[in-house]
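# Notes for the structure review
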Amino acid sequence: MKKWFEPLSTAWGGIATHKLRSILTMLGIVIGVAAVISLMSIGKGATAQILANIQSMGANVITISGGAGFGPGGVRGAGGSTQTLTMEDAEAISQQVANISAVAPSSSSNLQLVVGGKNTNSQVNGATTSYMEVNNLKLASGSFFSAEDYQRGAKVAVLGSNVAETLFGSASPIGQRMRMGSIIVTVMGVLESKGAGFNSPDDAVIIPLTALHQTVAKTRTAQGETVVSSITLTVSDESKSAQVVTDITALLRTRHRLGASANDDFRIMSMEELASSLATATGTMTLLLGAIAGISLLVGGIGVMNIMLVSVLERTREIGIRKALGARERDIWIQFLLEAAFLTFAGGIIGVGVGWGAAYLVPILAPTMGMGEMTTLVTADIVILAVSVSVGIGLFFGFYPAWNASRLNPIEALRSE
Amino acid sequence: MIRLEGITKVYPMGKRELTVLRGINLNIKQGELVAVMGPSGSGKTTLLNLIGCLDKPTSGKYHLDGREVSRLSSGELAKVRGQKIGFVFQTFNLLPRLSALANVELGLRYSGGGDRQRTMEALAKVGLSDRASHRPTELSGGEQQRVAIARALVKNPPLILADEPTGNLDSRSGEEIISILTTLHTEQGITLLMVTHDANIAHQCQRIIQLKDGQVVAEEKP
């Protein structure tokens, strides 16, 4: 007990008797660690936010769309049409590709919606009954169309939350009728809002694909298959995502009779892939921020070394006295090394507090300073890393001064002023 | 207690060499009170440093308490200093930021660890119990030297070395210090070796060793 306590209390004494100097030395480490914690928390926060957004869209979703140049609205293409995806493709995928839980082909058009005096132009998705499940959507009120509705081409619609508000205000739209292109549809449900985002369902209307074809003419390929604009599907096992993409590519290339040298006439986007590429990008950003902050930590470490060297010089006589009293080289070495480690450890702990505080304040202050929404995330690994790096810096930069101190000749040290 | 055989000490001074001690032979028995005198530059302090294990002789043998210590490593010498030798310096050499008590406790730090009771006892022996919490700057020169003596004796060393302990003090404080040291010697049987310029002080010792040019030129018993 004494064996451990005595060197610690000696080191503490060295720090406590030079308060101002110790605090200034610590400040360098405090700023460095705080910078690491707060900047890394911003990076980690951005990553977490992006991943959460993707998760809300469904991380196991794969979307297939027609090749480049595919226009919305079922415009009949000229020769060499790019409207290549069909209902039959969707059928084949659902039957022949493994690890798929649901397939939802859909065709979308931009149509004029009119209710009383109000009208709006909105994307209308002609869909099958699995559309809700595949796109991870929930109803706020009403119901979704049934398989029977789909079979008979019932003129019913489910509205995105923004569309419902634009057309009906605060009144319930359920059971109301509205004009859509050349047909009249009855509203049977309203979707829960998903918030703003790329291609948000809040701004769309969903009707049975069979009903869409009553106002927008059905497009057929040369083989007589019914064209759809996209096929969305869910993978039952996320880890098989890449395999599913490969299988679908092979199947569609066969079905579309593409030669070995021909480019794909469709695009497959997997959320899994998107998530991982975004995570890589934000991870790189986090690392970059951490590196910048790390430099300030390094500068703080050099400050510690500087102070320790000065401290050894200033305390040469003290070292001589201690040696005369029986201190071995090791005792002196440990004393100064512990002082450096003590300073940087305390600096690290305070730095974590300051950094954590900054990470807490940034999301609150960022919007008021016109920087938009910001999320920060302090994780245990950053904290442990920052504190251990700061102690490591203390040991590393304290090593040389401590060694210098231990090597002093006691007679010369006692003679120094 | 101390047996020096043909001790020499040579310091390299650039290309030349400076010979400070030239073949010192000396025996000091346990419990002796010895003064070392000599003009400046005669090697008194160097001799004291060698005896105090702060330095190693260039040649010769040094037996301390029956053990040959002239070839020990610096770590082993530090251990010997911690266990057997108490130092009293001309300039006191107290740590200015520590209290008298903490300074005395430092005497135990490298030889077994602090012990508040022994520390207080040592301060009591030099008559400074009521000044334990004072810092050196708040003490007179004589009081500072008494703290230094307490620090030297707190670990009960068999040998105390004093290098001109009264050199920085007025004559009254000097006398007090000498009386404390001689009392320690007579009451506790500590071997005491003292470098001094003052013939009066030297004559209170049992033996006076005269050094000149690094050699013992005379020994007398007052």
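## Observations concerning the overall build of chain B
Along chain B, the regular secondary structure elements total seven helices and 10 strands. Expressed as a percentage of the 222 residues in chain B, the buried residues total 45%. Considering only intrachain contacts with a sequence separation of at least 6, the fraction spanning at least 24 residues in chain B is 68%.

## What to know about the overall build of chain A
Regarding its fold elements, chain A presents 13 helices and 10 strands. Among the 417 residues that make up chain A, the fraction classed as buried is 41%. A separation threshold of at least 6 residues defines the contact pool for chain A, and within that pool the share at least 24 residues apart is 82%.

## Here we look at unusual backbone geometry
Despite not being glycine, N136(A) shows a phi value in the positive range, around 60 degrees. Inspection of the secondary structure puts N136(A) in the loop between helix 4 (131–134) and strand 4 (139–142). One non-glycine residue, F92(B), adopts positive backbone phi at about 65 degrees. Note on placement: F92(B) falls in the loop between strand 6 (85–88) and helix 3 (100–109).

## Here's the deal with the sheet that holds strand 8 (residues 191–195) of chain B
Residues and elements named next belong to chain B. Ordered in space as 6-7-8-3-9-10, the six strands form an open sheet in which the pairing is mixed. Edge positions in the sheet fall to strand 6 and strand 10 (215–220), since each has one partner strand and no second. Across the sheet, the axes of successive neighbouring strands diverge by a mean angle of 20 degrees, strand direction being ignored. Where strand 9 (residues 207–212) and strand 10 come together, five bridges link them in antiparallel fashion. Note on strand 10: the bridge partner recorded for I208 is E220.

## Some words on the environment of I31(A)
All names here are of chain A. Its location among the elements puts I31 in helix 2 (residues 19–57). Residue I31 is classed as buried on the basis of its 21 C-beta neighbours within 10 Å. For I31 and G355, which are 324 residues apart along the polypeptide, the C-alpha to C-alpha distance reads 8.4 Å. Aside from chain neighbours lying at most four places away, what touches I31 is S296 and G300.

## Focus on the packing of helix 5 (residues 141–153) of chain B against helix 6 (residues 171–188) of chain B
All names here are of chain B. Packing of helix 5 against helix 6 leaves a shortest axis separation of 9 Å and a crossing angle of 15 degrees. Between helix 5 and helix 6, the interaxial angle falls into the category roughly parallel. Pair helix 5 / helix 6 crosses with right-handed handedness. For the pair helix 5 and helix 6, the contacting residues are G141, G142, Q145, R146, I149 and L153 in the first and S173, E176, I177, I180, L181 and L184 in the second. Taken together, the residues of the contact of helix 5 with helix 6 break down into six nonpolar, four polar and two charged.

## Details of the sheet that holds strand 4 (residues 59–64) of chain B
All names here are of chain B. In space, the four strands of this open sheet follow the order 2-1-4-5, with antiparallel pairing throughout. Edge positions in the sheet fall to strand 2 (16–28) and strand 5 (67–68), since each has one partner strand and no second. Bridging between strand 1 (residues 2–13) and strand 4 involves five bridges; their strand directions are antiparallel. Looking at strand 4, one finds that R3 is bridged to H63.

## Some thoughts on the interface of chain A and chain B
Listed per partner, the contact involves 16 residues of chain A and 19 residues of chain B. At the level of elements, helix 1 (2–16), helix 10 (316–324), helix 11 (329–365) and helix 13 (410–415) of chain A are the ones that each hand at least two residues to the side of chain A that touches chain B. Ranked by residue count, the leading element in the side of chain A that touches chain B is helix 10 of chain A, at four residues.

## Digging into the environment of S239(A)
All names here are of chain A. Considering the arrangement of structural elements, one finds S239 in the loop between strand 9 (230–235) and helix 8 (241–255). A residue is classified by how many C-beta atoms lie within 10 Å of it, and S239, with 10 of them, is exposed. Between the C-alpha atoms of S239 and N60, which are 179 residues apart in sequence, the distance is 9.0 Å.

## Here we look at the nonpolar core
Residues I37(A), V36(B) and A150(B) are the most contacted members of the largest nonpolar core, which totals 115 residues. A per-element tally of this core places helix 2 of chain A first, with 13 residues. Discounting chain neighbours no more than four positions away, the residues touching A150(B) are V104(B), A122(B), L123(B), K125(B), V126(B) and L128(B). Within the second largest apolar cluster, 49 residues are counted, among which are A90(A), Y131(A), V163(A) and V190(A).

## Examining helix 4 (residues 116–125) of chain B
Residue and element names in this part refer to chain B. Those residues of helix 4 that sit buried are T119, A122 and L123. For helix 4, the arc enclosing every buried residue in end-on projection is 100 degrees, short of the 170-degree limit, so these residues lie on one face. Here the buried face of helix 4 lies against helix 3 and helix 5. Backbone geometry just after helix 4 places G127 at a positive phi near 75 degrees.

## Remarks on the confidence of the model for chain B
When pLDDT drops low, the exact placement of atoms in the prediction is not to be read closely. Residues and elements named next belong to chain B. Model confidence for chain B is summarised by a mean pLDDT of 92, while 100% of its residues fall at 70 or above. When mean pLDDT is compared element by element in chain B, strand 3 (residues 33–37) scores highest at 95, while helix 7 (residues 199–202) scores lowest at 90. At the level of chain-chain contacts, confidence expressed as ipTM amounts to 0.94, with global pTM at 0.70.

## Here we look at the packing of helix 2 of chain A against helix 11 of chain A
Residue and element names in this part refer to chain A. Viewed as axis vectors pointing N to C, helix 2 and helix 11 meet at an angle of 40 degrees, and their least axial separation amounts to 6 Å. Overall, the two elements helix 2 and helix 11 adopt an arrangement that is oblique. Remark: the crossing between helix 2 and helix 11 carries right-handed chirality. Along the lines of polarity and charge, the residues of the contact of helix 2 with helix 11 split into 17 nonpolar, 10 polar and no charged.

## Section: the pairing of strand 1 of chain B
Residue and element names in this part refer to chain B. Two elements, strand 1 and strand 2, share 10 bridges in a ladder whose sense is antiparallel. Bridge assignment links R3 to a residue of strand 2, and that residue is N27. Remark: two residues form the turn of the hairpin made by strand 1 and strand 2, two consecutive strands paired antiparallel; G14 in that turn has positive phi of roughly 65 degrees.

## Some remarks on the environment of V97(A)
On the secondary structure map, V97(A) appears in the loop between helix 3 (87–96) and strand 2 (100–115). Distance from V97(A) to V244(A), taken between C-alpha atoms, is 7.0 Å for residues 147 residues apart in sequence.

Conventions we followed
Residues numbered from 1 in each chain as written. Chains lettered and ligands numbered in written order. Predicted model: local features only at pLDDT ≥ 70, side-chain atom pairs only at ≥ 80, totals over all residues. Helix = DSSP H or I, 4+ residues; strand = E, 2+ residues; numbered from the N terminus. Buried ≥ 20, exposed ≤ 12 C-beta atoms within 10 Å, placed from the backbone. Contact = placed C-beta atoms within 7 Å. Pairing = 2+ DSSP bridges. Axes fitted to C-alpha atoms, helices over the stretch in contact; angles between N-to-C directions. Parallel < 35°, antiparallel > 145°, perpendicular 65-115°, else oblique. Left-handed = near helix turned anticlockwise from the far one by under 90°. Nonpolar A, V, L, I, M, F, W, Y, C, P; charged D, E, K, R; others polar. Core = buried A, V, L, I, M, F, W, Y, C linked by C-beta atoms within 7 Å. Arc of directions from axis to C-beta. pLDDT = per-residue confidence, 0-100.

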